[in-house]
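# Residue-level structural notes
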Amino acid sequence: MARTGAAGRADDIERVQLDMAVDLLGHAPAILDARRATTDELRFLARRLTEALTDALRVAESRGDRLPLPGSAEDAEKTGSERPSLPFSSLEP
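Below, the structure is looked at part by part. (Residues numbered from 1 in each chain as written. Predicted model: local features only at pLDDT ≥ 70, side-chain atom pairs only at ≥ 80, totals over all residues. Heavy atoms only, no water.)

### Topic: the overall build of the chain
Regarding its fold elements, the chain presents 3 helices and 0 strands. Listing the helices and strands of the chain from first to last along the sequence gives α-α-α. Taken across its 93 residues, the chain has 14% of its residues classed as buried. Residue pairs at least 24 apart in sequence account for 47% of intrachain contacts in the chain once pairs closer than 6 positions are excluded. Just so you have it, the chain exposes about 7800 Å², and 59% of that area is on carbon and sulfur atoms. (Helix = DSSP H or I, 4+ residues; strand = E, 2+ residues; numbered from the N terminus. Buried < 20%, exposed > 50% of the residue type's maximum accessible area, 1.4 Å probe, protein only. Contact = heavy atoms within 4.5 Å. Areas by Shrake-Rupley, 256 points an atom, 1.4 Å probe, with all protein chains shown as cover.)

Encoded structure:
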């Protein structure tokens, strides 16, 4: 079900930002593999990739703020069960 109003517009903007990031990532290897890429071209790519990553992190944070934490009481209500959450410290090498 598509959201309407401000939330729907925010979803549309997020979709455009993520689509642009995908397009940029599609072009990046060609520039990086080009033996004749200039410093200015590489800087331009680095700036655009930084912008895309910033947008993607903003989208993830925004969507994460709208989702219950795994294993929380709110999550258990929505899923109908309590799921154990994996502590981030266990992911460290």
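### Considerations on helix α2 (residues 39–65)
An ideal rise of 1.5 Å per residue puts 39 Å on 27 residues; α2 measures up with 39 Å between its terminal C-alpha atoms. For α2, the complete set of buried residues consists of L45, A52, D55 and V59. (Expected span 1.5 Å × (residues − 1).)

### Some remarks on the pattern of salt bridges
This structure, assessed with the given rule, holds 5 salt bridges. The partner of R48 in a salt bridge is E51, and the shortest N-O contact between them spans 2.8 Å. One end of the pair, R48, and the other, E51, are both in helix α2, 3 residues apart, so they sit about a helical turn from each other. Residue classification places E51 among the partly exposed positions, given a relative accessible area of 42%. (Salt bridge = Lys/Arg side-chain N within 4 Å of Asp/Glu carboxyl O.)

### Here's the deal with helix α1 (residues 5–33)
Between its first and last C-alpha atoms α1 spans 43 Å; for 29 residues at 1.5 Å apiece the expected length is 42 Å, and the two agree. Residue H27 marks the point of greatest curvature in α1, where the axis turns by about 30°; the proline P29 follows within four residues. Where α1 is concerned, the buried positions are G8, D11, E14, A21, L24 and A28. In this fold, the buried residues of α1 make contact with α2. (Bend = angle between axes of the 7 residues up to and from the residue.)

### Looking at the nonpolar core
Grouped together as the largest cluster of nonpolar side chains are 5 residues: A21, L24, A28, L45 and A52. Elements with a contribution of two residues or more to this core: α1 and α2. Excluding anything up to four places from it in sequence, L45 contacts L24, A28, I31 and L32. (Core = buried A, V, L, I, M, F, W, Y, C linked by side-chain atoms within 4.5 Å.)

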